[in-house]
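Residue-level structural notes
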Amino acid sequence: ESKTLKIASVPGDGTGPEVTAEAIKVLAAVAEIEKFHFEVEPLDWGGDRYLRTGEIIPEGGLDLLRTKDAVFLGAIGHPDVAPGILEKGLLLDLRFKLDQYINLRPVKLLPGVETPLAGRKPSDIDFVVVRENTEDLYCGVGGYLKKDTPDEVAVQQAIYTRKGCERCIRWAFEYTRQRNSPKKMLTLVAKTNVLTFGHDLWYRTFEEVAKEYPDVKTDYNHVDACCMWMVKNPDYYDVIVTTNMFGDIITDLGGILQGGMGVAAGGNLNPDSGGVSMFEPMGGSAPKYAGQNVINPIAAINAMAMLLEHSGFPIAGRKIDAAVAAVTGTKMKSQAAGKMGYSTEEVGDLVVESLS
């Protein structure tokens, strides 16, 4: 492998730098085993920099990211910055401006990890949600009339385009095909009975694209029914494709089914050639645990495995997955911060040890 993997790292706020350090430690170990080169450029974007300079993404920041193969994000969220400023200014801004139109969220119960679902085992919870990531209510189209009066009207518009839903649906079909699960089934989750325009567009597009994938089984759930089935029969699902808003909600439900935010990781993908994708643990910045070496780095390490899988190093990614499963299954007492039986750094070391 002569290609050098170029990563921009945004450790961010709170415990973000701690979990990022462990993810990079595991990356270094797997790169040595798999004999590939990588370079990480750390960027100090986040709450502290914003409080110091008033800017979230500095001048030229997006162009810098476009020269990279991938972006690794630790966590965003600072106690002294009003909620929404960093999330909108960094996360949403990057998703939209880098056109990261796929949000990929594996929902997989690892060995030894507790799920609130009684009696469920890792073989029961292993599906993936593909969420459209650039349209829907997140476009911020809308406004007020007669604001702050008793007659106030607020309008918030969801935008859906044929291009937007088709590229996401098509990617999901391809992904279902290559995921190679015995189910080989793609479930569309929407709300066609109420959202009769936007979700009708989704449904018709889904049916049309499905004709090109006769080997993939298809299914449809209303989002409310999907929430019930995810709890009652999580083993039913293989891959779910859904809209931005509903994807936001059901992936959090998925996160708790797989044992919570200590293990859940996700990717914001621009799968087009030359596109830059971003990978992150799903937990927040957890400022109350910052600097104590007690936060769980497993989600960040899982995010690094995803980064490798989607940046042309799938074998390295799978090796990390296997090492993580060994550590959660045989070593860790719990996935909760401070209750793991190990420090943040020790968990990283255990994963490195399991790699070799």
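Preceding this paragraph is the structure being described.
A short tour of the structure in this document, coming up.

Parameters and conventions
Residues numbered from 1 in each chain as written. Predicted model: local features only at pLDDT ≥ 70, side-chain atom pairs only at ≥ 80, totals over all residues. Heavy atoms only, no water. Helix = DSSP H or I, 4+ residues; strand = E, 2+ residues; numbered from the N terminus. Buried < 20%, exposed > 50% of the residue type's maximum accessible area, 1.4 Å probe, protein only. Contact = heavy atoms within 4.5 Å. Salt bridge = Lys/Arg side-chain N within 4 Å of Asp/Glu carboxyl O. Pairing = 2+ DSSP bridges. Axes fitted to C-alpha atoms, helices over the stretch in contact; angles between N-to-C directions. Phe/Tyr/Trp six-rings, centres within 6.5 Å; stacked < 30°, edge-to-face > 60°. Lys NZ or Arg CZ within 6 Å of the ring centre and 35° of its normal.

Some thoughts on the environment of Thr243
Among the secondary structure elements, Thr243 is positioned in the loop between strand 10 (239–242) and helix 8 (244–257). Its relative accessible area of 1% is what places Thr243 among the buried residues. C-alpha separation for the pair Thr243 and Tyr160, spaced 83 residues apart in sequence, amounts to 9.1 Å. The residues touching Thr243, leaving out its near neighbours within four places in the chain, are Arg131, Glu132, Asp136, Tyr160, Val189, His199 and Trp202.

Some remarks on the pattern of salt bridges
According to the stated counting rule, one finds 27 salt bridges in the structure shown. In this structure, the salt-bridge partner of Asp69 is Lys3, at a minimum N-O distance of 4.0 Å. Residue Asp69 is located in the loop between helix 3 (61–66) and strand 3 (70–75), and its partner Lys3 is located in the segment before strand 1 (4–12); the two are separated by 66 residues in the primary sequence. Residue Asp69 is classed as partly exposed on the basis of its relative accessible area, which comes to 28%. Overall, Lys3 belongs to the partly exposed group, its relative accessible area being 34%. Measuring nitrogen to oxygen at the nearest pair gives 3.8 Å for the salt bridge that ties Arg131 to Asp248. One end of the pair, Arg131, is in strand 5 (residues 126–132); the other, Asp248, is in helix 8, and 117 residues separate them in sequence. Assessed through its relative accessible area of 4%, Arg131 is described here as buried.

Observations concerning unusual backbone geometry
Positioned with a positive phi, Asn180 is a non-glycine residue whose angle comes to about 65°. Checked against the element boundaries, Asn180 lands in the loop between helix 5 (162–179) and strand 8 (185–190). In the Ramachandran plot, Lys184 falls in the positive-phi region, its phi being about 45° despite a non-glycine side chain. Here Lys184 is to be found in the loop between helix 5 and strand 8. Owing to a relative accessible area of 22%, Lys184 belongs among the partly exposed residues under this scheme.

Considerations on the sheet that holds strand 9 (residues 217–222)
By way of backbone hydrogen bonds, the strands of a sheet pair with one another, either parallel or antiparallel. If you trace the ten strands from one edge of the open sheet to the other, you get 2-1-3-12-11-4-5-10-8-9, paired in mixed fashion. Of all strands in the sheet, those bounded by a partner on one side alone are strand 2 (37–42) and strand 9. Averaged over all pairs of adjacent strands, the angle between strand axes in this sheet comes to 20°, irrespective of strand direction. Two elements, strand 1 and strand 3, share five bridges in a ladder whose sense is parallel. Each residue of the ladder has a partner; that of Ser9, found in strand 3, is Phe72. Across the face of the sheet, helix 4 (residues 85–97) comes into contact with strand 1, strand 3, strand 4 (102–108), strand 5, strand 11 (265–269) and strand 12 (277–281) while running at roughly 145° to strand 12. Contacts from helix 7 (residues 223–232) reach strand 5, strand 8, strand 9 and strand 10 within the one sheet, and its direction differs from that of strand 9 by about 105°.

Considerations on the packing of aromatic side chains
For the structure shown, the criterion picks out seven aromatic pairs. Ring centres 5.0 Å apart and planes at 15° place the aromatic pair Phe173 and Tyr213 in the stacked group. You can see Phe173 sitting in helix 5 and its partner Tyr213 sitting in the loop between helix 6 (198–210) and strand 9, a full 40 residues away along the chain. What makes Phe173 buried here is its relative accessible area of 0%. Members of the aromatic cluster, each reached through a chain of ring pairs, are Phe127, Tyr236 and Tyr237. Above the face of the Tyr138 ring, Arg131 is positioned so that its terminal group lies 5.5 Å from the ring centre.

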